[in-house]
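Chain and residue survey
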There are 2 protein chains.
Amino acid sequence: MEKLQEERIRTRNIRRILDAATEVFARKGFDGTRITEIAEASGLPKANVYYYFGSKDDIYRAAIARLIQGWDEALEEIALEKDPAEAFTRYVTAKLRFSHQHPTESRLFANEILRGAEFLTEQERKHIRDVTNYRVAVIEAWIAAGKIVRVDARHLLIMLWAATQFYADFQPVVRDALGNRNLESADFDAAARCIADTILAGLIPRDPEPI
Amino acid sequence: MEKLQEERIRTRNIRRILDAATEVFARKGFDGTRITEIAEASGLPKANVYYYFGSKDDIYRAAIARLIQGWDEALEEIALEKDPAEAFTRYVTAKLRFSHQHPTESRLFANEILRGAEFLTEQERKHIRDVTNYRVAVIEAWIAAGKIVRVDARHLLIMLWAATQFYADFQPVVRDALGNRNLESADFDAAARCIADTILAGLIPRDPEPI
DNA sequence: GAATAAGTTGACGAAAAGTTCAATTTCTGA
DNA sequence: TCAGAAATTGAACTTTTCGTCAACTTATTC
């Protein structure tokens, strides 16, 4: 075969395996995942999974790498720039929409963190730090310009991250709390409005003089 | 032995096993946890663990039940009553302090939710719903009384829960985001202040007239 | 349409995990 | 002190899982 035109078969099978692996890893964690389960979920025999990946480690690492890459592509455009009100609203809305559409990836990440983030590469962690630092700078510039009230930028970002991630990772709890059967787009919209409105109301300076 | 005065040995060993199990389950999840690892962590031989618990399921269920009971006892006094400002501040502070002191329990709960909350009993889930409903009623009463602005009470509670839980469950990420080596009490205090202040500022009505 | 590379897969062996058991020791109350 | 209950534990048993392999089929190139 040698470099066949697009490596169609290989590409497709690797995607199938990683899709299945992401789902199982997200639910059961690294140690709890059985290769057999990944194989069944992907519709391939176990030996075929081993044809593409040398070990469970390899599959896990590949799934994590793909997840981070996907997050980046989806969220990199959402810069915390421009007008703070619009920026926060767009950011929260986009993150919640992503949580709604890709809850599995989000849970995989959560599981990896619960494990102690041992498999996150230094490069990946540095990337998280860089993104955070950039946004901290933006927020502190807003504060300096008087566009928002004085606030700890890092904890504010964590609060935003936490609030949006929760809807993907803790769906059973969110369902119980909302009294819903299943989470729908409307729920994510309501969440985005509540988070953005409440936090913004607390951030935008009160025009004449504070209480 | 028969009812020995306090069942000292049994009580102590069960506690040891559940302590060890909570830690391992929190890190590796149910399927990823090996009885051998619980045994080693508790300092007891594996067969002794089976003397007290019939199966891995039993240990897991007992750990979850103990966790929920502990949460309840620790947090039940923190009612969302009185003055909203004081109530929210005390609630956030108490939850963060608890997250700081008992991160392992929090992670075990997170892991169980990621699994799909299959082991949470209907009673436990009902308890969560009841607690939520009670607090929703309190918040809506505040809204009706004009003490806080109109807001979706359920999403507000989720936001509080998310923000506080994040510090326990996602410590590696929080560390990276804060640029810290290890999280200390000061970090949790700063987080409590940021969360409570920002959300409160958005909730307390602006006296004369809104912007 | 061969020759060669890529992909498929059932079956297997080794290692590890859950669980049981029987023999032994320690504890407690009388 | 002594009998019976509780607790301890090494070793075995059973099942599951990882990872391998060799035989086989499909795809690609010339």
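It should be noted that the structure appears before, not after, this text.
Quick look at the structure, then. (Residues numbered from 1 in each chain as written. Chains lettered and ligands numbered in written order. Predicted model: local features only at pLDDT ≥ 70, side-chain atom pairs only at ≥ 80, totals over all residues. Heavy atoms only, no water.)

**A few points about the relation of the copies chain B and chain A**
Quick note on the threshold: Only residues with pLDDT of at least 70 in both copies contribute their C-alpha atoms to the least-squares superposition of the copies. Residues count as neighbours in contact if any of their non-hydrogen atoms are within 4.5 Å of one another.
When chain B is fitted to chain A, the best match, at an RMSD of 0.1 Å, comes from turning it 180° and sliding it 0.0 Å along the axis. As the rotation angle and translation indicate, the two copies are arranged about a two-fold axis. Most of the interface of chain B is mirrored in chain A: 100% of its interface residues are interface residues there too.

**Re the interface of chain B and chain A**
Going by this rule: In this description, buried area is defined as the sum, over both parts, of the accessible area (probe of 1.4 Å) that is lost when the two are combined. A side-chain nitrogen of Lys or Arg and a carboxyl oxygen of Asp or Glu constitute a salt bridge if their distance falls within 4 Å. In the analysis that follows, any N or O atom pair within 3.5 Å is treated as a polar contact, provided that within protein one partner can donate a hydrogen and the other can accept it, and provided that, for residues neighboring in sequence, both atoms belong to side chains. Runs of H or I in DSSP of at least four residues are treated as helices and runs of E of at least two as strands, each being numbered from the N terminus.
Each partner contributes residues to the interface: chain B has 54 residues there, and chain A has 54 residues. Considering only the side of chain B, the residues that lose the most area to chain A are Leu114(B), His155(B) and Asp176(B), jointly responsible for 15% of the buried surface there. Inspection of the region where chain B meets chain A yields four salt bridges. The tally of links from chain B across to chain A stands at seven residue pairs in polar contact (both at pLDDT 80 or more). Sorting the residues of the side of chain B that touches chain A by element identifies α1 (8-32), α6 (103-114), α7 (122-144), α8 (153-169), α9 (171-178) and α10 (185-203) of chain B as the ones contributing at least two each. In terms of residue count, the dominant contributor to the side of chain B that touches chain A is α8(B) (twelve residues).

**Description of unusual backbone geometry**
Residues and elements named next belong to chain A. Just so we agree on the cut-off: Throughout, exposure labels follow a simple rule: accessible area from a 1.4 Å probe, protein chains only, divided by the maximum for the residue type, with under 20% read as buried, over 50% as exposed, and the rest as partly exposed.
Backbone geometry places Ala-117, a non-glycine residue, at a positive phi of 60°. Within the element layout of this structure, Ala-117 appears in the loop between α6 (103-114) and α7 (122-144). Residue classification places Ala-117 among the buried positions, given a relative accessible area of 3%.

**A few points about the packing of α1(B) against helix α2 (residues 35-42) of chain B**
Between two packed helices, both the angle of their axes relative to each other and the distance between the axes serve to describe the pair. All names here are of chain B. How we decide: Axis lines are fitted through C-alpha atoms, for helices just across the contact stretch, and the angle between N-to-C directions can take any value from 0 to 180 degrees. Should an angle fall under 35 degrees it is taken as roughly parallel, and over 145 as roughly antiparallel, whereas 65 to 115 is taken as roughly perpendicular and any remaining angle as oblique. Here is the rule for handedness: rotate from the far helix to the near one, and if that takes an anticlockwise turn smaller than a right angle the crossing is left-handed, while a clockwise turn gives right-handed. Classes in brief: Ala, Val, Leu, Ile, Met, Phe, Trp, Tyr, Cys and Pro nonpolar; Asp, Glu, Lys and Arg charged; the others, Gly included, polar.
With their axes 8 Å apart at the nearest point, α1 and α2 run at an angle of 130° to one another. Here α1 lies oblique to α2, going by the angle between them. For the pair α1 and α2, the crossing hand works out as right-handed. For the pair α1 and α2, the contacting residues are Arg-16, Ile-17, Ala-20, Ala-21, Val-24, Phe-25, Arg-27 and Lys-28 in the first and Glu-37, Ile-38, Ala-41 and Ser-42 in the second. When grouped by side-chain class, the residues that make up the contact of α1 with α2 number seven nonpolar, one polar and four charged.

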